[in-house]
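The lines below spell out each chain.
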Amino acid sequence: YRDDDDINDVASMAGVNLNEESARILATNSDLVGTQIRSCKDEPFLAAIPLHKRILEMAKKLGITDVPAEVVTFISHATQNRLRTVIEKVTVVTQHRMESYKDDEWYEQATDVRSQLKFFEQLERLEKQRKDEQEREILLKAAKSRSRQEDPEQARLKQKAKEMQQQELAQMRQRDANLTALAAIGPRKKRKLDAPGLLTIGGEGVGVCGGSQAGLGTGSPRQYPRQKITRVNLRDFIFYMEQEREMSRSLLLYRALLK
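Calculation criteria
Residues numbered from 1 in each chain as written. Predicted model: local features only at pLDDT ≥ 70, side-chain atom pairs only at ≥ 80, totals over all residues. Heavy atoms only, no water. Helix = DSSP H or I, 4+ residues; strand = E, 2+ residues; numbered from the N terminus. Expected span 1.5 Å × (residues − 1). Polar contact = N/O pair within 3.5 Å; in protein donor to acceptor, adjacent residues only side chain to side chain. Axes fitted to C-alpha atoms, helices over the stretch in contact; angles between N-to-C directions. Parallel < 35°, antiparallel > 145°, perpendicular 65-115°, else oblique. Left-handed = near helix turned anticlockwise from the far one by under 90°. Contact = heavy atoms within 4.5 Å. Nonpolar A, V, L, I, M, F, W, Y, C, P; charged D, E, K, R; others polar. Buried < 20%, exposed > 50% of the residue type's maximum accessible area, 1.4 Å probe, protein only.

(A) Structural view of helix 5 (residues 113-144). Along its 32 residues, helix 5 runs 46 Å from first to last C-alpha, staying within 8% of the 46 Å computed at 1.5 Å per residue. For helix 5, the capping residue at the N-terminal end is Asp112, with a side-chain oxygen 3.4 Å from the backbone nitrogen of Arg114.

Encoded structure:
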């Protein structure tokens, strides 16, 4: 045991206690001590039997009659890897599409299509309102006319003016009834969650009252963070296929563009 004694002497000279170090190592990796690790079973991504049948059908056209099981497993893993790559790239495209630079200080807004559309909608409403006013004036003039010899067009305008007046009267009655009902109901009361001085911390409501009174109230139930969902549409796939060299001229891309 001279070698062991020499080792112990060297460790003690270095200020290392082997017993303490062994106990520390065992305490650190206590969950791994006594466990047995083995490799998992290699499970294919695709169903083996239908895939093998499909490969044999394609191989017979090339004069191949036997396809080993290892080839089927390799093709299944290659399909899984390819599908994972496609999903990752399309997800990146979708995330870029959903990014908003409105609040970024390094970007300034050059055009606002939404405001332009609202402006055009407002112009259309004003034009429609102007045409309605002109038509209303024509109908009112036709209703006030007292000519004895009336043509069918004049009678039609009078009837239309009468219907318009009845419709306006019904709208005024409905508006008055709504105002009366709102006045009878009274002002709306704010909910407790909307009241000032109520904070939500960790899913529990903390109410702060005036003066020296303070209370803890139970608020809404605990809300767990929702997992962010990335929704991919057909335009994202089309953009991805246009960027890929092997898919930029494929028949699948043209079919997607025709949809």
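(B) Spotlight on the packing of helix 4 (residues 69-98) against helix 7 (residues 234-243). Put simply, helix 4 and helix 7 touch, their axes get as near as 9 Å, and they point 115 degrees apart. With respect to helix 7, the axis of helix 4 lies roughly perpendicular. Helix 4 and helix 7 meet at a crossing whose hand is right-handed. Residue-level contacts link Arg82, Val86, Lys89, Val90, Val93, Thr94 and Arg97 of helix 4 to Asp236, Phe237, Phe239 and Tyr240 of helix 7. A per-class count over the contact of helix 4 with helix 7 returns 6 nonpolar, 1 polar and 4 charged.

(C) View of helix 6 (residues 152-185). Taking 1.5 Å as the rise per residue, helix 6 with 34 residues should run 50 Å; its terminal C-alpha atoms sit 50 Å apart, in good agreement. Of the positions making up helix 6, those classed as buried are Gln154, Leu157, Ala161 and Met164. Looking at the buried positions of helix 6, the neighbouring elements they touch are helix 5. Where helix 6 terminates, the next one or two residues include Gly186, which has phi positive at roughly 95 degrees.

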